[in-house]
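This is what each chain is made of:
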Amino acid sequence: MDKIKFDYSKTAGFISSNEVLYMKKLAEDAKKLLVDKSGAGNDFLGWIDLPEAYDKEEFERIKKAARKIQKDSEVLVVIGIGGSYLGARAAIEFLRHSFYNNLPKELRRTPEIYYAGNSISSTYLKGLLDVIGDRDFSVNVISKSGTTTEPAIAFRILKKRLEEKYGRKEAAGRIYATTDKARGALKVLASEEGYETFVVPDDVGGRFSVLTAVGLLPIAVSGADIDQLMAGAAQGRKLAMESEFEENDAMQYAAVRNILHRKGKSVEVLSNYEPFMHYVGEWWKQLYGESEGKDQKGIFPAAVDLTTDLHSMGQFIQDGARIMFETVIEIESSREELVIEEEKVDLDGLNYLAGKNMEFVNNCALNGTLMAHTDGNVPNLLVKVPQQTEFYLGELFYFFEFAVGISGYILGVNPFDQPGVESYKKNMFALLGKPGYEDAREELLKRL
Ligand SMILES: O=P(O)(O)OC[C@H]1O[C@](O)(CO)[C@@H](O)[C@@H]1O
C-alpha cells in the first residue's frame, strides 16, 4: 500500500540540514508529550487512538442509520458549525461526484446533502427550505456543546418544518442528534423527544472529530465507504506513532513549518489543484488556526484553490510581502481522464497539447507554479496524496491532526483548547439581550 508523503526537498535554499537536525529533537520531545499524554490539553487526546479504538457498536449503528436515511429521504440536512461541519463536508466533496447534488437520481442513488447552521443568514436558510420543498428529508444535527447559537437556530427552524410535515412523532424518527453523551441542551432535547443519538467523545475536540459520528454519519449517507476511511486513518496512525523522524512524514511537516516560522514566515498557504479539495482546505484552516493561534503566537493558515486563484491571489503569492510559505497538496493520480483533441484549425493555439490529458496539463501547472513561487522566495512544501479515495483521505486527516499536535507543542501552546472563540460569543449574547449579560450590554451599547 502506498502512503501520504511529505516532501520538503524544494526548500533547499531556505533551510539547512543542521536546522532540521535541531528541530528533529524538538519534534521528538513534542511527540513524546503527545504519545505519553503528558502535555497541555492531554484530556483531549482521544483522537490519537480513534482509528483503532472506535466504538464498533456505534459504527454499525451509523451505517444502519445511513441506510435508513438513504431509503426514506431525498434530502439530508447536516446542521453544525466548525468542527461539527467541516470534516463531513470536506470528505463528501473530496470523495463524491463534483456535482453530487445536481446528478440525476439514478446516477447518485443517495440523498442530496445540504449544510445549515454554519452562518446566521436568513437568506441562506430560506433558500434551503425552498430547495427542500415538499420532498422527504431528514436532519442530522451536530453540536458537541449542544448550545452553539448558529446550529441551534437552524435546528429550531428545520425541526419545525419537519414537525409540520410529518407530525411530532414521525419527525423525531427523522432527526439524528450527534452530541455529548450526557450533557447539553441537545442531549436533553434528544432524550425527551426520542431522537436517535450519536456521541462526540468527551476527549475529542470538535476540530479533531471527523472520524467520530460527527463526520461518519453524513459521510456514510453520501455513499462513501467509512470502513476504508478508518483503515486509511489507521495506516496514518501507525506511521505517525511508530516511525522514526527520518521516516515520519507528519513529524517532518511539523518540524519544517516551525523552522520556517522561526525565520519570520507567519503565514502558511495551503494550495490545491483540485476543486474537490476546497473544503479539505477549510477543514485544515480550522484545525491549524484554532490549535496554534493563541497566546499572541501562531502561523496564520490560509488556503487557495489553484489554478483558479493564480488569477487572483497568485500575484500576491509571487510578488507581495514575503511573509509566507506554501504547502502544496498534490493528488498523484487523477480519478478521471479527459483527453484534449486536435482541431483542424488551430485558432486557440492548443494543438500542441493534442493527445495529452488534462491531468498532464494540471501537473505542469503545479510544477511550474511551485518553481515560480520558490524563485519568488516562497518556500514550497509538498504533501503527496496517492489517490482520491476514502483510504488516503483517512490517512490525510490523521496526518494533519498528528502534525498539528506536534507543531503546537513545538510552538509552546496548548494545541487542544480554543479560549479565543468565546469573545465574540460574549459580545453577541450581550447585544442580543441574553439574560446574565446585562452589564456587558450597557458597556457595548455605549461603544456602538
Ligand atoms: O460542536 P459545537 O459545540 O456546536 O461547536 C462547534 C464549533 O464551535 C467552536 O467551539 C468555536 O466556537 C469550535 O471549536 C467547534 O468546532
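Please read all numbers here as calculations on a predicted model, not as lab measurements.

Within the protein one finds 16 helices and 10 strands. If one aligns the C-alpha atoms of the protein with their principal axes, the spans along those axes are about 65 × 60 × 50 Å. Buried positions account for 51% of the 448 residues belonging to the protein. For the protein, the share of sequence-separated contacts (at least 6 apart) that also reach a separation of at least 24 residues comes to 78%. Split by element, the accessible area of the protein, about 20800 Å² in all, is 53% carbon and sulfur. Computing the positive centroid from 55 side-chain charges and the negative centroid from 68, the protein places the two 5 Å apart.

Our focus in this paragraph is helix α3 (residues 86-95). The buried count for α3 comes to nine of 10 residues, which makes it a mostly enclosed element. Listed as buried for α3 are Leu86, Gly87, Ala88, Arg89, Ala90, Ala91, Ile92, Phe94 and Leu95. Close packing links the buried residues of α3 with β3 (112-116), α8 (213-221), α11 (278-292), β9 (324-333), β10 (380-387) and α14 (390-411).

Attention now goes to the UniProt feature "active site" (unreviewed entry) in the protein. UniProt feature "active site" (unreviewed entry): in the numbering of this structure it lies at Glu290 and Lys425. For the largest pocket, the lining residues drawn from the annotated set are Glu290 and Lys425. Relative to the helices and strands, glutamate 290 resides in helix α11. On the basis of relative accessibility, which here comes to 22%, the residue glutamate 290 falls in the partly exposed class. Within the local environment of glutamate 290, its side chain forms a polar contact with the side chain of arginine 207, the two groups lying 2.9 Å apart. With respect to the secondary-structure elements, lysine 425 resides in helix α15 (residues 422-432).

Looking now at the site of the ligand. Around the ligand sit 13 residues in total, of which Ser84, Ser143, Lys144, Ser145 and Thr148 are the nearest. A distance of 2.7 Å separates an oxygen atom of the ligand from a polar backbone atom of glycine 83. Here an oxygen atom of the ligand sits 2.6 Å away from a polar atom, N or O, in the side chain of serine 84. Relative to its unbound accessible area of 390 Å², the ligand is 86% covered by the protein chains. Partitioning the shell around the ligand into residue classes produces two nonpolar, eight polar and three charged.

All right, on to empty space enclosed by the protein then. Under the counting rule described, the total for this entry stands at one cavity of 30 Å³ or more. Empty space within the largest cavity amounts to approximately 90 Å³. Secondary-structure elements contributing two or more residues to the lining of the largest cavity are α9 (226-242), α10 (249-262) and α14. When residues of the lining of the largest cavity are assigned to their parent elements, the largest contribution, three residues, is made by α9.

Next up on the list: α8. Most of α8 is tucked away: nine of the nine residues are buried. Within α8 the residues assigned to the buried category are Ala213, Val214, Gly215, Leu216, Leu217, Pro218, Ile219, Ala220 and Val221. The positive-phi residue at the C-terminal boundary of α8 is glycine 223, with phi of around 95°.

In terms of nonpolar packing, the biggest core is built from 92 residues, with Trp47 and Phe400 touching the most fellow members. Per-element accounting of this core gives the leading share, 14 residues, to α14. Setting aside chain neighbours within four positions, we find phenylalanine 400 in contact with Tyr253, Leu270, Trp283, Trp284, Leu287, Tyr288 and Ile329. Formed by 24 residues, the second largest nonpolar core is a distinct cluster that contains Val75, Leu158, Leu162 and Ala190.

This part covers the packing of aromatic side chains. Within a pair of aromatic rings, the relevant descriptors are the distance that separates the centres and the angle that separates the planes. Within this structure, the stated rule accounts for 22 aromatic pairs. Plain terms: the ring middles of tryptophan 47 and tyrosine 398 are 6.0 Å apart, the flat faces sit at 55° to each other, and that makes the pair tilted. Here the residue tryptophan 47 occupies a position in the loop between α1 (17-35) and α2 (56-72), and tyrosine 398 occupies one in helix α14, the gap between them amounting to 351 residues. By relative accessible area, tryptophan 47 is classed as buried at 1%. One aromatic cluster in this structure is built from Phe6, Tyr8, Tyr253, Trp284, Tyr288, Phe399 and Phe400. Positioned above the aromatic ring of tyrosine 100 is the side chain of arginine 108, whose terminal nitrogen or guanidinium carbon lies 5.6 Å from the ring centre. One Lys or Arg, lysine 356, reaches over the ring of phenylalanine 360 and ends 5.4 Å from the middle of that ring.

What counts, and at which threshold
Residues numbered from 1 in each chain as written. Predicted model: local features only at pLDDT ≥ 70, side-chain atom pairs only at ≥ 80, totals over all residues. Heavy atoms only, no water. Helix = DSSP H or I, 4+ residues; strand = E, 2+ residues; numbered from the N terminus. Buried < 20%, exposed > 50% of the residue type's maximum accessible area, 1.4 Å probe, protein only. Contact = heavy atoms within 4.5 Å. Areas by Shrake-Rupley, 256 points an atom, 1.4 Å probe, with all protein chains shown as cover. Lys, Arg positive; Asp, Glu negative; His and termini not counted. Charge placed at Lys NZ, Arg CZ, Asp CG, Glu CD. UniProt positions renumbered as here; feature names shortened; annotations may be inferred. 1 Å grid on protein atoms, 1.4 Å probe; cavity = no way out; pocket = protein on both sides within 12 Å on 5 of 7 lines; lining within 4 Å. Polar contact = N/O pair within 3.5 Å; in protein donor to acceptor, adjacent residues only side chain to side chain. Near = heavy atom within 4 Å. Nonpolar A, V, L, I, M, F, W, Y, C, P; charged D, E, K, R; others polar. Points joined across faces, edges and corners; volume = space filled by probe spheres on them. Core = buried A, V, L, I, M, F, W, Y, C linked by side-chain atoms within 4.5 Å. Phe/Tyr/Trp six-rings, centres within 6.5 Å; stacked < 30°, edge-to-face > 60°. Lys NZ or Arg CZ within 6 Å of the ring centre and 35° of its normal.

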